[in-house]
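Descriptive analysis of the structure
The lines below spell out each chain.
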Amino acid sequence: MTVTLAQIHEDPAILDRAIASQETLEIVSCGELAATLMPRRVSALEQARQEMARRFAAPDWSFTVGIPLTREERNARS
């Protein structure tokens, strides 16, 4: 899709629509290509990493899988 800077100023949502549809957007100014917006696809792995980073950052986060080990049990595993 190709748009002019004037069109973007009139309708800034053009950028959001291009990103949402994963469409490359060429921005033209004074008849010349000024910029190209190339949305990148977020992989499932990257989404999982972002979600886990968000969860770990929460102040009430706890790892609830299995029974908690004592200090001696943790040290014995190494």
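As a reminder, the structure under discussion sits directly above these lines.
In short, a report on the structure. (Residues numbered from 1 in each chain as written. Predicted model: local features only at pLDDT ≥ 70, side-chain atom pairs only at ≥ 80, totals over all residues. Heavy atoms only, no water.)

A look at the overall build of the chain
- Counting its regular elements, the chain contains 4 helices and 3 strands.
- When the helices and strands of the chain are placed in sequence order, the string is β-α-α-β-β-α-α.
- Against the 2.2 N^0.38 benchmark of 12 Å for 78 residues, the chain shows a C-alpha radius of gyration of 23 Å, more extended than a compact globule.
- Overall, the chain is about 70 × 25 × 15 Å in size when its C-alpha atoms are taken along their principal axes.
- Counting across all 78 residues of the chain, residues that qualify as buried make up 10%.
- The long-range share in the chain, meaning contacts at least 24 apart out of those at least 6 apart in sequence, stands at 16%.
- Of the roughly 6,800 Å² that the chain leaves accessible, carbon and sulfur atoms contribute 56%. (Helix = DSSP H or I, 4+ residues; strand = E, 2+ residues; numbered from the N terminus. Rg over C-alpha atoms; globule rule 2.2 N^0.38 Å. Buried < 20%, exposed > 50% of the residue type's maximum accessible area, 1.4 Å probe, protein only. Contact = heavy atoms within 4.5 Å. Areas by Shrake-Rupley, 256 points an atom, 1.4 Å probe, with all protein chains shown as cover.)

What to know about the nonpolar core
- Core analysis: the largest hydrophobic core is formed by 6 residues, namely V3, I8, I14, A18, L25 and I27.
- Setting aside its immediate chain neighbours within four residues, I27 contacts V3, L5, I8, L15, E32, L33, A34 and A35. (Core = buried A, V, L, I, M, F, W, Y, C linked by side-chain atoms within 4.5 Å.)

Notes on the sheet that holds strand β1 (residues 2-4)
- Read from one edge to the other, the open sheet built from 3 strands follows the order β1-β2-β3, with strand pairing classed as mixed. Two strands bound the open sheet, and with one partner strand each, they are β1 and β3 (32-37). Put simply, the sheet's adjacent strands are angled 30 degrees from each other on average, direction ignored.
- As paired elements, β1 and strand β2 (residues 25-29) share 3 bridges and run parallel to each other. (Pairing = 2+ DSSP bridges. Axes fitted to C-alpha atoms, helices over the stretch in contact; angles between N-to-C directions.)

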